[in-house]
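One letter stands for each residue in the lines below.
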Amino acid sequence: MDGVFAALEGLPFVEAIRFSRWGYAAVNAAHILGLALVVGSTVPLNLRLLGIAWKSVDRADVVRVLSATAASGLALAVCAGLILFATRATEYGGSDVLWVKLALVACGTTSAVIAHVRYGWTLTYAPRGACTVHAVISLTCWVGALICGRLIAFTLP
Amino acid sequence: MKNRLVAFAFVLLVTGLGTGAALAHHGWAWTTGGNIELIGIITSVKLGNPHGVLKVDAEGDVWTVEVGQPWRNEDAGLEPGDLAEGVEIRVIGQPSVNIEDRLMKAERLYIGGVEYNLYPNRD
């Protein structure tokens, strides 16, 4: 694994980002934009699925808009995140909090994919109980991933 | 019930972020607020974003020294190769509140009598 991490760090493109002022800042900003879209869309989406807020808005409409937003945000955050990881792969690879975050991201993504495959793109066929389960998993995973992600910067030298 | 749930979630989130701030390695919140001086030999160098990291052997005590990201080091006047293994360095900076970490964030570096000030606006 250490060999893979070292190879990642040595890629010419990654080297360039590691020593670039604005390039690194841009990738960083893209990652934050991505996770802002993910958390910013999943929180209201899940509150609607739980029946806590916006009950007067049709559930399918909420799901259609916010699922698409979350999926695009996730794609952006993953792409930018891979580059950020590669600049310091050895250190980040040794960070427990990063692996917890990746587990949360994997869990949140899997839960969302299962929900959409089972109950349709707008979750039209989802029973109340299933909505609650998926919403709780989603809230936990995405807010948890955000907190773990932030903690990486605060736990590594 | 609804309001209570939302309030609970908000408190959880804020507590989580607060814990993060207390552990902060970015910024200066995790340091003592006072400077120390470290003199030793650089034993390893890893430069680049988000910031460079040196290992400095001070008479057998190995410290981890955070230096700047590339632009900050360059602004301070450091040339590529100045921070290299085997170089004797004097570091003024703030140590981690937990002294057992042997971790400090450099404000100023001295190599061969030349000052490199990473944070000209701090004292």
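Residues numbered from 1 in each chain as written. Chains lettered and ligands numbered in written order. Predicted model: local features only at pLDDT ≥ 70, side-chain atom pairs only at ≥ 80, totals over all residues. Heavy atoms only, no water.

A short note on the packing of aromatic side chains
- Scanning the model with the defined rule gives 3 aromatic pairs over all chains in all.
- With 5.0 Å between their ring centres and 75° between their planes, Trp28(B) and Tyr119(B) make a pair best called edge-to-face. Placement of the pair is Trp28(B) in the loop between helix H1 (2–22) and strand E1 (36–46) and Tyr119(B) in the segment after strand E6 (114–117), with a sequence separation of 91 residues.
- Classification of Trp28(B) as buried rests on a relative accessible area of 17%.
- An aromatic cluster is present here, built from Phe5(A), Phe85(A) and Tyr92(A) joined pairwise through their rings.
- One Lys or Arg, Arg90(B), reaches over the ring of Tyr110(B) and ends 4.2 Å from the middle of that ring. (Phe/Tyr/Trp six-rings, centres within 6.5 Å; stacked < 30°, edge-to-face > 60°. Helix = DSSP H or I, 4+ residues; strand = E, 2+ residues; numbered from the N terminus. Buried < 20%, exposed > 50% of the residue type's maximum accessible area, 1.4 Å probe, protein only. Lys NZ or Arg CZ within 6 Å of the ring centre and 35° of its normal.)

Looking at the pattern of salt bridges
Residue and element names in this part refer to chain B.
- For the structure on display, the rule yields 7 salt bridges over all chains.
- Here Glu37 and Arg90 are joined by a salt bridge, their closest N and O atoms 2.6 Å apart. Within this pair, whereas Glu37 is found in strand E1, its partner Arg90 is found in strand E4 (residues 88–95), the two being separated by 53 residues in sequence.
- Two residues, Arg102 and Asp61, come together in a salt bridge whose shortest N-O distance is 3.1 Å. You can see Arg102 sitting in the loop between E4 and strand E5 (103–111) and its partner Asp61 sitting in strand E3 (residues 61–66), a full 41 residues away along the chain.
- We classify Asp61 as partly exposed; its relative accessible area is 32%. (Salt bridge = Lys/Arg side-chain N within 4 Å of Asp/Glu carboxyl O.)

Observations concerning the confidence of the model for chain B
Residues and elements named next belong to chain B.
- Across chain B, the average pLDDT comes to 85, with 78% of residues at 70 or higher.
- Low confidence marks residues 20–24, where pLDDT is under 50. Its contacts with residues over four positions away, or in another chain, come to 10 contacts.
- As a predicted assembly, this complex carries a pTM of 0.82 together with an ipTM value of 0.74. (pLDDT = per-residue confidence, 0-100. Contact = heavy atoms within 4.5 Å.)

Here we look at a nonpolar patch on the surface
Residue and element names in this part refer to chain A.
- A cluster of nonpolar side chains, namely Met1, Trp99 and Leu102, defines an oily patch on the protein surface of about 330 Å² accessible area.
- Examined against the element boundaries, Trp99 turns out to sit in helix H6 (residues 96–119).
- Residue classification places Trp99 among the partly exposed residues on the basis of a relative accessible area of 38%. (Patch = residues over 30% accessible without salt bridge, like charges linked within 9 Å, V, L, I, M, F, W, Y side chains within 5 Å. Areas by Shrake-Rupley, 256 points an atom, 1.4 Å probe, with all protein chains shown as cover.)

Some details on the pairing of E6(B)
All names here are of chain B.
- When E5 meets E6, the two strands line up antiparallel, connected through 4 bridges. Paired with Tyr110 across the two strands is Glu115, which belongs to E6.
- A loop of 2 residues connects E5 with E6, the two strands running antiparallel in sequence, and Gly112 in this loop sits at a positive phi of about 55°. (Pairing = 2+ DSSP bridges.)

Observations concerning the side chain of Arg108(B)
Residues and elements named next belong to chain B.
- Structurally, Arg108 can be placed in strand E5.
- For the buried Arg108, no salt bridge exists, and the shortest N-O distance to an oppositely charged side chain is 4.3 Å, to Glu115.
- A polar atom in the side chain of Arg108 sits 3.5 Å from the side chain of Tyr110. (Lys, Arg positive; Asp, Glu negative; His and termini not counted. Polar contact = N/O pair within 3.5 Å; in protein donor to acceptor, adjacent residues only side chain to side chain.)

A word on the nonpolar core
- The biggest cluster of nonpolar side chains holds 24 residues, and the ones touching the most others in it are Phe85(A), Tyr92(A), Trp142(A) and Ile152(A).
- Here this core takes 7 residues from helix H7 (residues 128–155) of chain A, the largest share from any one element.
- Those residues in contact with Trp142(A) that lie beyond four places of it in its chain are Val38(A), Val39(A), Thr42(A), Leu74(A), Val105(A), Gly108(A) and Thr109(A).
- Listed in part, the 22 residues of the second largest apolar core include Ile42(B), Leu54(B), Trp63(B) and Ile89(B). (Core = buried A, V, L, I, M, F, W, Y, C linked by side-chain atoms within 4.5 Å.)

Things to note about the side chain of Thr87(A)
All names here are of chain A.
- Along the polypeptide, Thr87 turns up in helix H4 (residues 59–87).
- Under the relative-accessibility criterion, Thr87 is labelled buried at 0%.
- Engagement of the side chain of Thr87 in a polar contact is seen with the backbone oxygen of Leu84, the distance being 2.7 Å.
- Apart from residues lying up to four places away in sequence, Thr87 is in contact with Glu9, Val14, Ile17, Arg18, Tyr24 and Tyr92.

Some thoughts on the packing of helix H1 (residues 2–10) of chain A against H4(A)
Residue and element names in this part refer to chain A.
- Contact geometry of H1 with H4 gives a least axis separation of 7 Å together with a crossing angle of 105°. Our classification of the angle between H1 and H4 gives roughly perpendicular. Contacts from Phe5, Leu8 and Glu9 of H1 reach H4 at Phe85, Ala86 and Thr87.
- A per-class count over the contact of H1 with H4 returns 4 nonpolar, 1 polar and 1 charged. (Axes fitted to C-alpha atoms, helices over the stretch in contact; angles between N-to-C directions. Parallel < 35°, antiparallel > 145°, perpendicular 65-115°, else oblique. Nonpolar A, V, L, I, M, F, W, Y, C, P; charged D, E, K, R; others polar.)

Description of the environment of Asn117(B)
Residue and element names in this part refer to chain B.
- The residue Asn117 is located in strand E6 in this model.
- As for Asn117 and Glu85, which are separated by 32 residues in sequence, their C-alpha atoms are 20 Å apart.
- Ignoring sequence-local partners within four residues, the contact set of Asn117 consists of Ala76, Glu107 and Arg108.
- A polar side-chain atom of Asn117 sits 3.2 Å from the main-chain amide nitrogen of Tyr119.

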